[in-house]
Amino acid sequence: TFMGPDTGSEDKPRHQRHSMVLVPFPHPGVKVERPLTVFGYTDAPHGHAEITFDNVRVPKSAVIGDIGAGFSIAQARLGPGRIHHCMRLIGMSERSLDVAVRRSKEREAFG
């Protein structure tokens with residue numbers, strides 16, 4: 001998915017100036033530059049990535065929802081994503097604490 005500004009939307013409120021578009025992949029002009037990490041995980045090849053678009057054209061039917069609804073779609077999706085990342089970090093924190101406690105019980109200082 002891609003969210004970009006709508007042409008001629010300058011007179012609309014700022015939160016109604018972008019649309020969400022489904023761009024098929026692979027598609028002419030779409031290139032995955034590199035995977036990006038989220039909290040140290042790449043989740044490649046299906047996770048987050050830096051993508052370049054070079055003269056990409058898609059039909060109007062590729063717009064998700066209404067024209068200008070991109071911001072509200074993104075906000076609706078970000079809520080569950082934030083919860084997911086919080087759960088991942090809580091799990092990693094619990095694991096780190098368990099490992100640290102186990103190590104502190106085994107460790108002999110200066111020995």
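### Re the overall build of the protein chain
Thought 1: Assigned secondary structure in the protein chain consists of 1 helix and 5 strands.
Thought 2: Helices and strands in the protein chain line up, N terminus first, as β-β-β-β-β-α.
Thought 3: Relative to the globule expectation of 13 Å for 111 residues, the C-alpha radius of gyration of the protein chain, 21 Å, shows a markedly less compact shape.
Thought 4: The dimensions of the protein chain, computed from C-alpha atoms along their principal axes, are 70 × 30 × 20 Å.

### Quick word on the pattern of salt bridges
Thought 1: Under the defined criterion, the tally for this structure stands at 2 salt bridges.
Thought 2: Between Glu 33 and Lys 31 there is a salt bridge, with the nearest N and O atoms lying 3.9 Å from each other.
Thought 3: Residue Lys 31 is classed as partly exposed on the basis of its relative accessible area, which comes to 49%.
Thought 4: Between Arg 34 and Glu 50 there is a salt bridge, and its shortest N-O distance comes to 2.6 Å. Taken as a pair, Arg 34 in strand E3 (residues 30-35) and Glu 50 in strand E4 (residues 49-53) lie far apart in primary sequence, 16 residues in all.

### What to know about the environment of Pro 26
Thought 1: Along the chain, Pro 26 falls in the loop between strand E2 (18-21) and E3.
Thought 2: Note: C-alpha distance between Pro 26 and Ser 104 (78 residues apart in sequence) is 50 Å.

### Some points on the confidence of the model for the protein chain
Thought 1: Per-chain confidence: the protein chain averages 87 in pLDDT, with 98% of residues scoring 70 or above.
Thought 2: Within the protein chain, no element has a lower average pLDDT than strand E1 (residues 2-5), which sits at 80, and none a higher one than strand E5 (residues 63-64), at 92.

Rules behind the numbers
In this convention, every chain numbers its residues from 1, walking through the sequence in written order. Confidence filtering applies because this is a predicted model: local features only for residues at pLDDT of at least 70, side-chain atom pairs given and counted only at 80 or more, and all residues used for totals across whole chains, interfaces and linings. Hydrogens are left out, water is left out, and the side-chain values use all remaining heavy atoms of the structure. Only DSSP runs of H or I covering at least 4 residues are called helices, and only runs of E covering at least 2 are called strands; the numbering of each starts at the N terminus. Just to be clear, the radius of gyration here is over C-alpha atoms, and the globule rule we use is 2.2 Å times residues to the power 0.38. We define a salt bridge as a contact between a side-chain nitrogen of Lys or Arg and a carboxyl oxygen of Asp or Glu at a distance within 4 Å. Partly exposed residues are those whose accessible area sits between 20% and 50% of the maximum for their type, while under 20% is buried and over 50% is exposed, using a 1.4 Å probe and protein chains only. The quantity known as pLDDT measures the predictor's confidence residue by residue, on a range of 0 to 100.

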